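Report on the structure
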Amino acid sequence: MTLDHSVVAPETVGVDPHRLDVLLRRIRLEVEHGPLPSAQVAVARGGRLVAFETWGDAEPSTRYVLQSVGRSIVAGAVWKLIGEGLLDVAEQVAAIIPEFAPNGKEEVTVEQVLTHTAGFPFAPLGYPKMLDREQRLAAFGRWRLDHPPGSRFQFHLTSAAWLVAEIVERRTGLEFADYLHERIAVPLGLSSLELGVPVDRQAGSVAPMTATDRTSDEQEPDPWGPWYLSDPRVLAAGEPSHALVATAADVALYFQALEHSGLWKPEAVAEGTRIRLTDHPHGEQIYGGGSSRRTSMGLFVTVAGPDAGSNLPSTGSPALFGSAGAAYQLGFLDPETGLSFACLSNGYPLAGYDHSRRGTALLTNIANLAADLTG
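Predicted model, so just to flag it, every value in this text is computed and none were measured.

Thresholds applied
- Residues numbered from 1 in each chain as written.
- Predicted model: local features only at pLDDT ≥ 70, side-chain atom pairs only at ≥ 80, totals over all residues.
- Heavy atoms only, no water.
- Helix = DSSP H or I, 4+ residues; strand = E, 2+ residues; numbered from the N terminus.
- Rg over C-alpha atoms; globule rule 2.2 N^0.38 Å.
- Contact = heavy atoms within 4.5 Å.
- Areas by Shrake-Rupley, 256 points an atom, 1.4 Å probe, with all protein chains shown as cover.
- Lys, Arg positive; Asp, Glu negative; His and termini not counted.
- Charge placed at Lys NZ, Arg CZ, Asp CG, Glu CD.
- Pairing = 2+ DSSP bridges.
- Axes fitted to C-alpha atoms, helices over the stretch in contact; angles between N-to-C directions.
- Buried < 20%, exposed > 50% of the residue type's maximum accessible area, 1.4 Å probe, protein only.
- Salt bridge = Lys/Arg side-chain N within 4 Å of Asp/Glu carboxyl O.
- Polar contact = N/O pair within 3.5 Å; in protein donor to acceptor, adjacent residues only side chain to side chain.
- Expected span 1.5 Å × (residues − 1).
- Phe/Tyr/Trp six-rings, centres within 6.5 Å; stacked < 30°, edge-to-face > 60°.
- Lys NZ or Arg CZ within 6 Å of the ring centre and 35° of its normal.
- UniProt positions renumbered as here; feature names shortened; annotations may be inferred.
- Core = buried A, V, L, I, M, F, W, Y, C linked by side-chain atoms within 4.5 Å.
- Left-handed = near helix turned anticlockwise from the far one by under 90°.

**Points about the overall build of the chain**
Within the chain, the secondary structure is distributed over 11 helices and 13 strands. A compact globule built from 375 residues would reach a C-alpha radius of gyration of about 21 Å, and the chain, at 19 Å, matches this within 12%. Expressed along its principal axes, the backbone C-alpha trace of the chain runs to roughly 55 × 50 × 40 Å. For the chain, the proportion of contacts with a sequence separation of at least 24, taken over those separated by at least 6, is 69%. Per element, the accessible surface of the chain, about 14700 Å² overall, is 50% carbon and sulfur. For the chain, the distance from the average site of its 29 positive side-chain charges to the average site of its 44 negative ones is 3 Å.

**So, the sheet that holds strand 7 (residues 277-279)**
Sheet architecture is open: eight strands sit in the order 2-1-12-11-10-9-8-7, paired in antiparallel fashion. Lying at the two open borders of the sheet, with one neighbouring strand each, are strand 2 (48-56) and strand 7. One ladder, built from eight bridges, connects strand 1 (residues 38-45) with strand 2; its direction is antiparallel. Each residue of the ladder has a partner; that of Ala39, found in strand 2, is Trp55. Packing against the sheet, helix 1 (residues 17-32) makes contact with strand 1, strand 2 and strand 12 (339-345), and its axis sits at approximately 20° to strand 2.

**Section: the side chain of Asp354**
Within the fold, Asp354 resides in the loop between strand 13 (347-348) and helix 11 (357-370). With no salt bridge to any partner, buried Asp354 finds its closest opposite charge in Arg358, at an N-O distance of 5.7 Å. Of note is the side chain of Asp354, whose polar atom sits 2.7 Å from the side chain of Tyr328. Within the structure, the side chain of Asp354 is placed 2.6 Å from the side chain of Ser356, a separation counted as a polar contact.

**Structural notes on the sheet that holds strand 4 (residues 194-195)**
Sheet architecture is open: three strands sit in the order 3-6-4, paired in antiparallel fashion. Two strands close off the open sheet at either side, each with one partner strand: strand 3 (64-65) and strand 4. When strand 3 meets strand 6 (residues 244-246), the two strands line up antiparallel, connected through two bridges. Counterpart to Tyr64 in the pairing with strand 6 is Ala246.

**So, helix 2 (residues 71-83)**
The end-to-end C-alpha separation of helix 2 is 18 Å, in line with the 18 Å expected for 13 residues at 1.5 Å each. Within helix 2, 12 of the 13 residues are buried, which leaves it mostly tucked inside the rest of the structure. When we look at burial in helix 2, the residues that qualify are Arg71, Ser72, Ile73, Val74, Ala75, Gly76, Ala77, Val78, Trp79, Lys80, Leu81 and Gly83. Gly85 sits one or two positions beyond helix 2 and adopts a positive phi of about 75°.

**Digging into the pairing of strand 1**
Most of strand 1 sits out of view: seven of its eight residues are buried. Linking two consecutive strands that pair antiparallel, namely strand 1 and strand 2, is a turn of two residues; a positive phi of about 60° is found at Gly46 within it. Both strand 1 and strand 12 contribute to a ladder of seven bridges, which runs antiparallel. Within strand 12, the residue paired with Arg45 across the bridge is Leu339.

**What about the pattern of salt bridges?**
Applying the stated rule across the entire model yields 20 salt bridges. Two residues, Lys80 and Glu84, come together in a salt bridge whose shortest N-O distance is 2.7 Å. The exposure class assigned to Glu84 is partly exposed, which follows from its relative accessible area of 40%. A network of salt bridges, in which partner residues are shared, links Glu99, Arg133, Glu166, Glu169 and Arg170.

**Observations concerning the side chain of Ser68**
Within the fold, Ser68 resides in the loop between strand 3 and helix 2. A relative accessible area of 14% places Ser68 in the buried class. Polar contacts involving the side chain of Ser68 include one to the side chain of His242, which spans 3.3 Å.

**Observations regarding the packing of aromatic side chains**
Per the stated rule, a full pass over the model turns up 10 aromatic pairs. Among the aromatic residues, those joined into a ring-pair cluster are Trp79, Tyr254, Phe255, Trp264 and Phe321. Lys105 extends its terminal NZ or CZ atom over the ring of Phe100, reaching a point 5.1 Å from the ring centre.

**Side note on the UniProt feature "domain: Beta-lactamase-related" (unreviewed entry) in the chain**
Sequence positions flagged by UniProt for "domain: Beta-lactamase-related" (unreviewed entry) are, in local numbering, residues 31-362. The span residues 31-362 carries 28% helix and 16% strand; its end-to-end C-alpha distance comes to 13 Å.

**Quick word on the nonpolar core**
Ranked by size, the top nonpolar core spans 122 residues in total, and within it Trp79 and Phe341 carry the most contacts. Excluding anything up to four places from it in sequence, Phe341 contacts Leu23, Ile27, Val41, Ala42, Val43, Leu330, Gly331, Phe332, Ile366 and Ala370.

**Describing the packing of helix 2 against helix 6 (residues 159-172)**
For the pair helix 2 and helix 6, the least separation of the axes is 11 Å and the interaxial angle reads 35°. Helix-helix and strand crossings are classified by hand; for helix 2 and helix 6 the assignment is left-handed. Across from Val74, Val78 and Leu81 in helix 2, the residues of helix 6 making contact are Val164, Val168, Arg171 and Thr172.

**Here's the deal with unusual backbone geometry**
With an omega of 5°, the peptide bond between Tyr127 and Pro128 qualifies as cis. Structurally, Pro128 is set in the loop between helix 4 (110-114) and helix 5 (133-142). Look at the link from Ala326 to Ala327: it is a cis peptide, with omega at -10°. In this structure, Ala327 sits in the loop between strand 10 (321-325) and strand 11 (329-334). The phi torsion at Gln67 lies on the positive side, around 50°, for a residue other than glycine. Along the chain, Gln67 falls in the loop between strand 3 and helix 2. Classification of Gln67 by relative accessible area gives buried; the value is 2%.

The structure is reproduced here in structure tokens:
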């Protein structure tokens, strides 16, 4: 099923046009009178787009680095395997990837990897080693546990997604980027969605990451966190958890496809979005920890659950799921209302994240307005 990218009147699919106008004006304000160099937003329901807007130094065809918003798409690849009987989350990772087993990791399960409870949140795999599969497999073997598997919920910033990518390749014979392209993007007509954009195709296609708080040319961004993807070579290397690029329209329509395309079995999506744990994530705030609200986890997606943690809206249903991304990005689907939303930007503070009172309020306001569009 190829998704329809035309925009329909919001009231035809039960979206309140007045509330939608407030949401769009709120986001546009941050571009026209705020710090964001550009922003792109899309809203969809019933398999159709009801809004797709781009403001600032960008075009409707401009793609954005998805950061953690891309995890929901990585999750969809896993759910597809589950629905096709190619993967059981109770399996041990080492049974699928024997190279992973050393240093006490043989008991780690696929479910623990997908729920960020596997025990190696900061396991390293940097550029250029990430380019070579043999070097990736060697790194998997060297990784050590920081705590026993299943004992602590702490976001695995990049390590979990590298394992997901290798699991997909072992079970399908396709490299992960090819799997996303051939089995998800092409069948659905999500032409902007891509992992590993070559350096020579990034300029003019992918919005460059831009500092929102630089006051002089001497100020340099923090090289850690999201800024590592500002290097075109690293973006091209295709780290699965953050380096996906797409338009906001394709992100919002991807979420619609989970329910309307027939590409996923409904029971697999339900299993993927079922809450597995609700807890305060460990770790520093810049790595997703330190939240006053508990986060609920499905299989590689955050779920609103009882507390709506990790920057998910509290105005949606407890079943709402998706991911927020650095620094001002969000993508979600609320299964109870059928509404999906994507907001993308290329603006980033020099620190990579905006944990200021204003930044936190901005993300909360946009999320809550977006989830409250159906009345």
